[in-house]
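Understanding the architecture of this molecule
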Amino acid sequence: MDSRAAVAYKAGEKLTIETVQVEGPRAGEVMVEIKATGVCHTDEFTRSGADPEGLFPCILGHEGAGVVVDVGPGVTSVKKGDHVVPLYTPECRQCKSCLSRKTNLCTAIRATQGQGLMPDKSSRFKLGNESVKHYMGCSTFSNFTVLPEIAVAKIREDAPFDKVCYIGCGVTTGIGAVINTAKVQPGDNVVVFGLGGIGLNVIQGARMAGADKIVGVDLNPKRKALAEKFGLTHFVNPSDMPENELVPYLVNLTDGGADYSFECVGSVKVMRQALECCHRGWGTSVIIGVAGAGQEISTRPFQLVTGRVWKGSAFGGARGRTDVPKIVDWYMEKKIIIDDLITHTMPLDQINHALDLMHAGESIRSVVVF
Ligand code: NAD
Ligand code: AHE
Ligand code: ZN
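Note that the structure is a prediction, hence the values are computed from the model and not measured.

1. What about the confidence of the model for the chain?
- Per-residue confidence for the chain gives a mean pLDDT of 98, with 100% of residues at or over 70.
- Here the predicted complex carries an ipTM of 0.98, next to a pTM of 0.98.

Laid out in structure tokens, this is it:
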């Protein structure tokens, strides 16, 4: 069938709105009509060419919500008409990783997903005669997309698509990093670097966990007021002081260092600051940001010898099919806030404007509605 989609032809080029051809679902797959999709910094990271694994031409987007319109042979866990959130981190419940209970990084389809293909090594998207790659197994910048059934979370039908799409990445990544990865406890002091679509969800997660000081660090002064609504207690703008004073300032502000810090920028320089502002003996820093191609992190080993811990978090450590429906419930029960973070809503043909707003620091999340 035909589908309107934003196609990324080449790294660094603007997205182009096209009518692509989408093949129906094969065994174990479902076709989803995407109703809304958020635009995450990671989509832009790939479009820009900074991701060494970026494949083109492709259909980006991994933060969607929609309705199952067709299922392939053997699909049992969802049916036509079900409301779903696509999962770039699937949950097969059978692989070594799923069974370990130690990680959310299901390996069932990771290899082909990284090649921009479905598990049978083919693409469901075509533009004329040319095959178009899937992206993060989701490709939510297409009105219709195909996913393995293990890569969709069934959600309640009264949840608005244009809000809960954000649970497909940003909300779950931020809140999950606090609750699942760091396991922040009441009274902990937390420092969050980068108060964008992810960092503000880390702040709201820290407040839910009962953190004491919630310090936010961002170069954009406009982030302060919004972050305060989510639980921020102290705002720090690195440009207000010489670079070498930032870490000692944060250590002093948090009575000897953060119990937990979170890097939500994607800068290796900031990752180092985030580790080094942690408390001697136990402070843990969680890397969420995705850094550019070929970048490496560094610190003095003494930072780790003296008890600081460096960790990472993907999709907030969440097991998608199990956890996403619960997070949708939290939103519907007003336990978490999403609406204030969706600063812009637009039709598909304005998707490049969403990228401009991100670069200008004007948006938190832009959502495209089909
Ligand atoms: P965003 O663009 O909305 O926010 C980034 C924020 O960082 C902005 O507010 C910006 O002003 C701030 N910033 C830039 N340089 C800074 C500096 N030196 N110090 C402090 N703040 C600085 O991006 P986002 O959507 O929130 O994504 C943040 C990062 O998280 C990206 O790298 C993205 O790719 C990554 N991400 C990772 C996961 C995961 O599962 N690990 C999931 C989603 C996004
Ligand atoms: N290809 C990139 C890595 C990108 C990355 O780290 N992706 C995160 C999700 S970001 C969502 O906005 C992730 O979950 N990774 C786990 C995985 O298995 O890919 C690079 O830098 O090479
Ligand atoms: Zn994302």
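2. Observations regarding the domain arrangement of the chain
- By domain assignment, the chain separates into domain 1 (2–168 + 338–369) and domain 2 (174–314).
- Centre-to-centre separation of domain 1 and domain 2, based on C-alpha positions: 29 Å.
- Tallying the contact residues gives 14 residues for domain 1 and 10 residues for domain 2.
- The element best represented in the side of domain 1 that touches domain 2 is helix α1 (residues 41–48), accounting for 3 residues.
- Residue classes in the side of domain 1 that touches domain 2 are distributed as 7 nonpolar, 4 polar and 3 charged.

3. Considerations on the site of ligand 2
- Around ligand 2 sit Cys40, Thr42, Asp51, Pro52, Glu53, Thr89, Leu105, Arg110, Cys169, Val290, Ala314 and Phe315, and those are all the residues in its vicinity.
- Classifying every residue of the shell around ligand 2 by side-chain character gives 7 nonpolar, 2 polar and 3 charged.

4. Comments concerning the environment of Pro238
- Its place among the elements puts Pro238 in the loop between β12 (234–236) and α8 (246–253).
- For the pair formed by Pro238 and Asp218, sequence separation is 20 residues and the distance between their alpha carbons is 6.8 Å.
- Beyond its immediate chain neighbours, meaning those up to four positions away, Pro238 contacts Val217, Leu219 and Leu246.

5. Observations regarding the sheet that holds strand β7 (residues 130–132)
- Here we have 4 strands laid out as an open sheet, ordered β1-β2-β6-β7, and antiparallel in their pairing. Sheet topology places β1 (2–7) and β7 at the edges, where each strand pairs with a single neighbour. Geometrically, the sheet is characterised by an average inter-axis angle of 50° between neighbouring strands, direction not taken into account.
- Across 6 bridges, the pairing between β1 and strand β2 (residues 16–22) is antiparallel. By the bridge assignment, Ser3 is partnered in β2 with Val20.

6. Looking at the sheet that holds strand β14 (residues 284–287)
- If you trace the 6 strands from one edge of the open sheet to the other, you get β12-β11-β10-β13-β14-β15, paired in parallel fashion. The open sheet has two edge strands with one neighbour each: β12 and β15 (309–312). Sheet twist, expressed as the average angle between the axes of neighbouring strands with direction ignored, equals 20°.
- Here 4 bridges tie strand β10 (residues 190–193) to strand β13 (residues 260–263), and the two strands are oriented parallel to one another. Residue pairing in the sheet places Phe193 in a bridge with Glu263 of β13.
- Contacting β13, β14 and β15, helix α5 (residues 170–182) crosses the sheet at an angle of about 130° to β14.
- Along the sheet, α8 makes contact with β10, β11 (214–217) and β12, crossing β12 at roughly 175°.

7. Some thoughts on the site of ligand 1
- Contacts to ligand 1 come from 32 residues, most closely from His41, Gly194, Gly196, Ile198 and Gly266.
- It is α1 that provides the largest number of residues to the shell around ligand 1, a total of 3 residues.
- Class assignment for the residues of the shell around ligand 1 results in 17 nonpolar, 13 polar and 2 charged.

8. Let's talk about the UniProt feature "domain: Enoyl reductase (ER)" (unreviewed entry) in the chain
- UniProt marks residues 12–368 with the feature "domain: Enoyl reductase (ER)" (unreviewed entry), using the numbering shown here.
- Taken end to end, residues 12–368 has its terminal C-alpha atoms 21 Å apart, with 27% of it in helix and 22% in strand.

Definitions and cut-offs
- Counting restarts for each chain, with residues numbered from 1 along the sequence as it is written.
- Both sets of labels track the order of writing: A upward for chains, 1 upward for ligands.
- Predicted model: local features are reported for residues with pLDDT of at least 70 only, side-chain atom pairs are reported and counted for 80 or more only, and whole-chain, interface and lining totals are derived from all residues.
- Values of pLDDT, the confidence the predictor places in each residue, fall between 0 and 100.
- Here the limits of each domain have been adopted from an automatic or database domain assignment.
- Whether two residues are in contact is decided by their C-beta atoms, placed from the backbone, lying within 7 Å.
- Strands here are runs of E lasting at least two residues and helices are runs of H or I lasting at least four, both read from the DSSP assignment and numbered beginning at the N terminus.
- Charged residues are taken to be Asp, Glu, Lys and Arg, nonpolar residues to be Ala, Val, Leu, Ile, Met, Phe, Trp, Tyr, Cys and Pro, and polar residues to be all remaining types, Gly included.
- What makes a residue near a molecule or strand is its C-beta atom, placed from the backbone, lying within 6 Å of it.
- In short, DSSP must find at least two bridges between two strands for them to pair.
- Interaxial angle, 0 to 180 degrees, is taken between N-to-C directions of lines fitted to C-alpha atoms, where a helix line uses only the stretch in contact.
- UniProt positions are given in the numbering used here, feature names are shortened, and annotations may be inferred rather than shown by experiment.

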